[in-house]
Amino acid sequence: MIDIFDIMGPIMVGPSSSHTAGAVRIGRMARALLGEAPVRAKLHLHGSFAETGVGHGTDKALVAGLLGMAPDDLSIPQSFSIAEDQGLTFTFNEIDLRDAHPNSVQLEVVGEEGNCLTMQACSVGGGRIRVDKIDGVEVNFTGDYNTLIIHNRDDRGHVADVTYALYQAKVNVANMSLHRDAKGGSAIMIIETDERVPALILDLLRRLPGILHITYYEKED
Amino acid sequence: MNLDSMKDILAAARREDKPLWEIILETDMENRGVTREESMEKMAQAWHAMLDASASYDGRRHSASGLVGGQGEQMRAYAAGDPICGNFAAEVITEALCMGESNACMRRIVAAPTAGACGVMPAVLIPLYRRDNISEERMLQAMYVASGIGAVIAYKACIAGAAGGCQAEIGSASAMAAGALVTLRGGTAEQVCHAVAMALKNLLGLVCDPVAGLVEVPCVKRNVIGAMNAMAAADMALAGIESRIPVDEVIDAMGDVGRRLPVEFRETALGGLAVTPTGKAVKERMMGSRNKNRTLTIKDARWKLQRTGPAN
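Definitions and cut-offs
- Here the residue index of a chain counts from 1 through its sequence in written order.
- As they are written, the chains are lettered A onward and the ligands numbered 1 onward, keeping that order.
- Whole-chain, interface and lining totals are the exception, using all residues; otherwise, since this is a predicted model, local features are given only for residues with pLDDT of at least 70 and side-chain atom pairs are given and counted only at 80 or more.
- To obtain the side-chain values, all non-hydrogen atoms of the structure were included, while hydrogens and water were left out.
- Per the convention used, a helix needs a DSSP run of H or I reaching at least four residues, while a strand needs a run of E reaching at least two, with both numbered from the N terminus.
- Values of the radius of gyration come from C-alpha atoms, whereas the globule rule sets the reference at 2.2 Å times the count of residues to the power 0.38.
- By the convention used here, residues are in contact when the closest approach between their heavy atoms is within 4.5 Å.
- Using the Shrake-Rupley algorithm and a 1.4 Å probe, accessible areas are obtained, with residue cover drawn only from the displayed protein chains.
- Charge assignment: positive for Lys and Arg, negative for Asp and Glu; neither His nor the chain ends contribute.
- To locate a charge, take atom NZ for lysine, CZ for arginine, CG for aspartate or CD for glutamate.
- Once two parts are brought into contact, the accessible area they lose, counted with a 1.4 Å probe and summed over both, makes up the buried area.
- Salt bridge criterion: a side-chain nitrogen from Lys or Arg within 4 Å of a carboxyl oxygen from Asp or Glu.
- In this classification, Asp, Glu, Lys and Arg are treated as charged, Ala, Val, Leu, Ile, Met, Phe, Trp, Tyr, Cys and Pro as nonpolar, and every other residue, Gly included, as polar.
- For the purposes of this description, domain bounds are those given by an automatic or database domain assignment.
- Between 30 and 60 degrees the pair is tilted, below 30 it is stacked and above 60 it is edge-to-face, where a pair is any two Phe, Tyr or Trp rings, Trp via its six-membered ring, whose centres lie within 6.5 Å.
- With a 1.4 Å probe rolled over the protein chains alone, any residue whose accessible area is under 20% of its type maximum counts as buried; one over 50% counts as exposed, and the rest are partly exposed.
- Only Lys NZ and Arg CZ are tested; either one counts as a charge over a ring when it is within 6 Å of the ring centre and within 35 degrees of the ring normal.
- Pairs of N or O atoms within 3.5 Å make up the polar contacts considered here, provided that, within protein, one atom can donate a hydrogen while the other can accept it, and that residues adjacent in sequence are counted only when both atoms are side-chain atoms.

Observations regarding the overall build of chain A
Part 1 of the reasoning: Regarding its fold elements, chain A presents seven helices and 11 strands.
Part 2 of the reasoning: Taking 17 Å as the expected radius of gyration for a compact globule of 221 residues, we find that chain A reaches 17 Å, a close match to that expectation.
Part 3 of the reasoning: When its C-alpha atoms are laid out on the principal axes, chain A stretches across 50 × 35 × 35 Å.
Part 4 of the reasoning: In chain A, the proportion of contacts linking residues at least 24 apart, taken out of those at least 6 apart, comes to 66%.
Part 5 of the reasoning: Split by element, the accessible area of chain A, about 9100 Å² in all, is 45% carbon and sulfur.
Part 6 of the reasoning: The averaged location of the 30 negative side-chain charges in chain A is 6 Å from the averaged location of its 19 positive side-chain charges.

Okay, here's the thing in structure tokens:
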């Protein structure tokens, strides 16, 4: 079902919904998943992002997103100097990511408290994005829903524990996917929910045995 | 309901004896789980953003390549005189240029349905709104109709230049604008459908061939043809002229043409105007300035433009 405001919108800074607005959203998603303000970032541009990125302001847009700006922020063109003021240093590279969408970027970010994140994401058109990899593990989510990213040990029962807790909190699961690097290794659960996940439940989930790390992304309107 | 075909929307409007905009508004309320007021508020934001973008146009701005900037201002000055197509149409042209330029210059616009085609809707709506003193409520109703049309096109065909060429961007925007205009003039739901069909038919096959891959040339000026075509299609529909091919079939045809367009004509900048000698020269210049700009303007960033090997 198409959201009519993906048609009459987004309200955004130009020139391209995929190369500008989508790039801002990718940067913003990385900041949200990092859970703090980034201080260092390496951005690797792939495909069309590398080819036409500069003319579309893709580079400025990605940095703007890392700074927490929204796609309609008129300061996006000045994001490089704002990054300097806010103590964010960054480098850009071109990269050839295997089997990646043409509008893809890989970000390596480090936060002020030392949190690290490597994320690969792409801009799929109309300002919409998809996260394809987190810390080397393949994932698939869009930020169109409230999203829980749960790192856990690949062991029986964790999915049941987590979904039961959500059920008790009256949170409905819209989409869910499981990813792991190897049997018995580290796994990622991606759960997209219709309702917001209350802070109390997030705390509870974090205390469940076998759950290593939880990141929560709350949908933006 | 789902916005899957114009026929379905039309049938729902007949069955429930409601105008098209009402059916589309109710679909949004159901789809996003919002109240009528919340939905209307969001549409009002889009409308206000279009008005703000129009008001904040500045002809002194220039785009990344320097190819775009100031044309809206030139047209505005000329439009005040004795333009061939009349003052109103000249104002529409002006508005389309201003909006397309603002987009290219990284100003705030409303993608409708895409950023590259952001000038079409405001170009037909704003001059009419000003001239005829139309209430905001009626403008929003027209925008709902346009959104529903765009949603059907996105579902049945495509709205991205990379997927279906310019016909999918400017063509879709023009179809949406034509439907909005018929709505504003009190046309019937059937007339809306005919206007959409005629607008889309007229731009069928239009390729996406952006110079240097940028949303500048020919995108800005194509917003003009999208807007003018929308007015012509709306006027024909209001005159009672019908599209011989039903609207949903036209949309399917656009999707079909889009899928069969060679990839060179789908936003890749490998065909059409992008590969003319002048188009190529612009690209060379942009590529050349890429490295230079970066090291000149960013102290902290150490740009390495060597291609790294395959990752992961």
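More follows now that the structure is in view.
With respect to unusual backbone geometry
Part 1 of the reasoning: Geometrically, the link from glycine 9 of chain A to proline 10 of chain A is a cis peptide bond, its omega value of 5 degrees lying close to zero.
Part 2 of the reasoning: Within the fold, proline 10 of chain A resides in the loop between helix H1 (4-7) and strand E1 (11-13).
Part 3 of the reasoning: Looking along the chain, the bond that leaves glycine 14 of chain A and enters proline 15 of chain A is cis, with omega of 10 degrees.
Part 4 of the reasoning: On the secondary structure map, proline 15 of chain A appears in the loop between E1 and helix H2 (17-34).
Part 5 of the reasoning: If you check the backbone angles, aspartate 17 of chain B has positive phi at about 55 degrees while not being a glycine.

Regarding the interface of chain A and chain B
Accessible area lost during the coming together of the parts is what is often quoted as the interface size.
Part 1 of the reasoning: On the side of chain B, 63 residues touch chain A, which itself brings 47 residues to the contact.
Part 2 of the reasoning: With both sides pooled, the region where chain A packs onto chain B buries about 4500 Å², and carbon together with sulfur makes up 60% of that total.
Part 3 of the reasoning: Applying the counting criterion to the chain A and chain B interface returns one salt bridge.
Part 4 of the reasoning: The partner of aspartate 72 of chain A in a salt bridge is arginine 108 of chain B, with the nearest N and O atoms 4.0 Å apart.
Part 5 of the reasoning: Contributing elements (two or more residues each) for the side of chain A that touches chain B: H1, E1, H2, helix H3 (48-52), helix H5 (79-86) and strand E3 (89-97) of chain A.
Part 6 of the reasoning: A breakdown of the residues in the side of chain A that touches chain B according to their chemical character gives 21 nonpolar, 15 polar and 11 charged.

Quick notes on the domain arrangement of chain B
All names here are of chain B.
Part 1 of the reasoning: Taken domain by domain, chain B holds domain 1 (6-275) and domain 2 (276-312).
Part 2 of the reasoning: Its C-alpha centre places domain 1 at a distance of 33 Å from the equivalent point of domain 2.
Part 3 of the reasoning: The partner domain 2 presents eight residues to the 10 residues of domain 1 that form the contact.
Part 4 of the reasoning: In this assembly, domain 1 and domain 2 are joined by zero salt bridges.

Points about the packing of aromatic side chains
Part 1 of the reasoning: Applying the stated criterion across every chain yields a total of five aromatic pairs over all chains.
Part 2 of the reasoning: Taking 4.9 Å as the distance between ring centres and 40 degrees as the angle between the ring planes, the aromatic pair formed by phenylalanine 80 of chain A and phenylalanine 90 of chain A counts as tilted. Of this pair, phenylalanine 80 of chain A sits in helix H5 while phenylalanine 90 of chain A sits in strand E3; the two residues are 10 residues apart in sequence, bridging distant segments of the chain. Considered together, phenylalanine 80 of chain A and phenylalanine 90 of chain A belong to a single accessibility category, that of buried residues.
Part 3 of the reasoning: When the ring of tyrosine 164 of chain A is compared with that of tyrosine 167 of chain A, the centres are 5.8 Å apart and the planes differ by 40 degrees; the resulting orientation is tilted. Of this pair, tyrosine 164 of chain A and tyrosine 167 of chain A both sit in helix H6 (residues 158-168), three residues apart, roughly one helical turn.
Part 4 of the reasoning: For tyrosine 164 of chain A, a relative accessible area of 47% corresponds to the partly exposed category.
Part 5 of the reasoning: Members of the aromatic cluster, joined through ring pairs, are Phe80, Phe90 and Phe92 of chain A.
Part 6 of the reasoning: One residue, arginine 131 of chain B, lies across the ring of phenylalanine 88 of chain B, its end atom 4.3 Å from the ring centre.

Let's talk about the environment of arginine 108 of chain B
Part 1 of the reasoning: Relative to the helices and strands, arginine 108 of chain B resides in strand E1 (residues 108-110).
Part 2 of the reasoning: Here the alpha-carbon distance between arginine 108 of chain B and alanine 11 of chain B, two residues 97 residues apart in the chain, equals 37 Å.
Part 3 of the reasoning: What arginine 108 of chain B contacts, discounting residues up to four positions off in sequence, is Ile11, Met12, Val13, Asp72 and Leu74 of chain A together with Ala53 of chain B.
Part 4 of the reasoning: Within the structure, arginine 108 of chain B has its side chain in polar contact with the backbone oxygen of aspartate 72 of chain A (distance 2.8 Å).

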